[in-house]
Amino acid sequence: MWDTAEELNAMLVFAEHRYYGESLPFGNKSYTDSKHLNYLTSEQALADFAILIQHLKETIPGAQNAPVIAIGGSYGGMLAAWFRMKYPHVVVGALAASAPIWQFEDLVPCGTFYSIVTNDFKKSGQCCSESILNSWEAINRVSSTDDGLKWLSSAFHLCSPLKTKQDVAVLKAWLSETWVNLAMVNYPYKADFLQPLPAWPIQVVCKFLKNPKQPDKLLLQNVFQAANVYYNYSGATSCLNTSQSATGNLGLMGWYYQACTEMVMPMCTDGVNDMFEPSKWNFHEFSEECFKLWKVRPRPSWIPSVYGGKNISSHSNIIFSNGGLDPWSGGGVTQNITDSLIAIVIPEGAHHLDLRASNPDDPKSVLQARALEVQYMKQWIEKSRHKY
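I will try to describe carefully the structure that is included in this document. What you are looking at is a predicted structure, and each value in this text was computed from that prediction instead of being measured. (Residues numbered from 1 in each chain as written. Predicted model: local features only at pLDDT ≥ 70, side-chain atom pairs only at ≥ 80, totals over all residues. Heavy atoms only, no water.)

### Here's the deal with helix H3 (residues 42–59)
Definition in use: Numbering of helices and strands starts at the N terminus; helices are DSSP runs of H or I of at least 4 residues and strands are runs of E of at least 2. Here, expected helix span is obtained from the residue count minus one, scaled by 1.5 Å. Each residue gets one of three labels from its accessible area relative to the maximum for its type: buried under 20%, exposed over 50%, partly exposed in between, using a 1.4 Å probe on protein chains only. For this quantity, the arc is that covered by the directions from the helix axis to the C-beta atoms. Should any heavy atoms of two residues lie within 4.5 Å, those residues are counted as being in contact.
Between its terminal C-alpha atoms H3 stretches 26 Å, which fits the 26 Å expected from 18 residues at 1.5 Å a residue. All of the buried residues along H3 are Ser42, Ala45, Leu46, Phe49, Ala50, Ile53 and Lys57. For H3, the angular spread of buried residues about the axis comes to 145 degrees, placing them on one side. Of the exposed residues in H3, those oriented more than 90 degrees away from the buried face are Ile51 and Glu58. Where H3 is buried, its residues touch helix H4 (75–86), helix H11 (252–259) and helix H13 (302–307).

Rendered as structure tokens:
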């Protein structure tokens, strides 16, 4: 983005989403209950951005007639695409990187996400995904006794020892999240987007996971070494905390609330097409959990109703870029819809690699993607300038 802004002689504006960071509409009360959280929606956020752009154009000398392009990655990418759809008079185009706008209802199969995660591990080391698949039953067997729970707590260097079946379920969920996040940040160079990590971190992780047929305890010691790459690559962590989310600081409270209202993304695993324990998508269970947490119920068909689902061909000037290694690409647009709703696929790309600063180790596919993105942006800018 930085390089592109320089090339286009553009100003980069980062707009903070309401209810995240310091943008709390009710100060400390913003998260107290659903009455205060009612205004946390994607639609309200888009309206904020429209008003902000209007304000900037009125207050920055020379900006009045400047064309604006929306850029975002992940949820921000969804917002960028939706912004162009809902406010085409405010932005001339959008770059929606790693934006899973179709990860809703039954627009894509619920198992796609986890099968892409699994493929990343399959491609990164022989028997790697099989080792992870076998680890779930190994954890179940070892944790079936009190001594086994003690051993697991010690082997995984856990800050809080495992005491109950629920603790073991938390450990397994934490490990699953770790493998998912590694797939998202499987970048070709050292990076610290979610955690400080080596280049191609899954390859490093898979060095510990070469023998799925090992006895349970040996296998699990290797699983610990693998997870440790993610949580302790710097070597500064003395114990691992399973209640600490693998994404640490990404404003999870707000996202949980949004997931419980409009951002309802069905996910499932089967242990056959993926390396995870089988888990069906259970909307009723999810709804109950949301009600318990926030006193709200999720609306699974809201996003497709508001933003059009797969029926978006009447819109224009949106680039959807996706990385072949990114699990979110399963819910993304990976084929051109029209000649101005463009899909760019980056085979060696993880989560929104194209938005990251350029790096000497960038694969050729991301360099080509960025060049193509800039080419389209120049066209949009040129076209909009003819209006004035």
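### Some remarks on the pattern of salt bridges
Where charged atoms from two side chains of opposite charge come close, those side chains can pair. Counted only if it meets this: Each salt bridge in this description consists of a side-chain nitrogen of Lys or Arg and a carboxyl oxygen of Asp or Glu lying within 4 Å of one another.
Going through the model one piece at a time under the given rule, you end up with six salt bridges. Arg18 is paired through a salt bridge with Asp48; the nearest N and O atoms lie 2.6 Å apart. In this pair, Arg18 is assigned in the loop between helix H1 (2–7) and helix H2 (34–37) and Asp48 in helix H3, connecting sequence segments 30 residues apart.

### Here's the deal with the environment of Trp302
In this fold, Trp302 is placed in helix H13. C-alpha separation for the pair Trp302 and Asn134, spaced 168 residues apart in sequence, amounts to 38 Å.

### Some thoughts on the state of the cysteines
Inclusion rule: When two cysteine sulfur atoms lie within 2.5 Å, the pair is treated as a disulfide.
Applying the stated criterion to the full structure yields four disulfides. The side chain of Cys110 participates in a disulfide bridge whose partner is Cys268; the two sulfur atoms lie 2.0 Å from each other. Its torsion about the S-S bond being 85 degrees, the disulfide of Cys110 and Cys268 is classed as right-handed. Remark: Cys268 occurs in the loop between H11 and helix H12 (283–294) and Cys110 occurs in the loop between strand E2 (93–97) and helix H5 (112–124); sequence separation between them is 158 residues.

### Things to note about the packing of helix H6 (residues 128–142) against helix H10 (residues 216–232)
The relative placement of two packed helices comes down to the angle between their axes together with the axis-to-axis distance. Here is the rule: The convention used is that axes are lines fitted to C-alpha atoms, helices contributing only their stretch in contact, and that angles between N-to-C directions extend from 0 to 180 degrees. Each angle is binned into one of four classes, with values under 35 degrees roughly parallel, values over 145 roughly antiparallel, values of 65 to 115 roughly perpendicular, and all other values oblique. Should the near helix be turned anticlockwise from the far one by less than a right angle, the crossing is termed left-handed; should it be turned clockwise, right-handed.
Two elements in contact, H6 and H10, have axes separated by 9 Å at closest approach and are oriented at 120 degrees. Considering their axes alone, H6 and H10 lie oblique with respect to each other. Seen from above, H6 lies across H10 with left-handed handedness. The segment H6 lies against H10, with Ser131, Asn134, Ser135, Ala138, Ile139, Arg141 and Val142 engaging Asp216, Lys217, Leu219, Leu220 and Val223.

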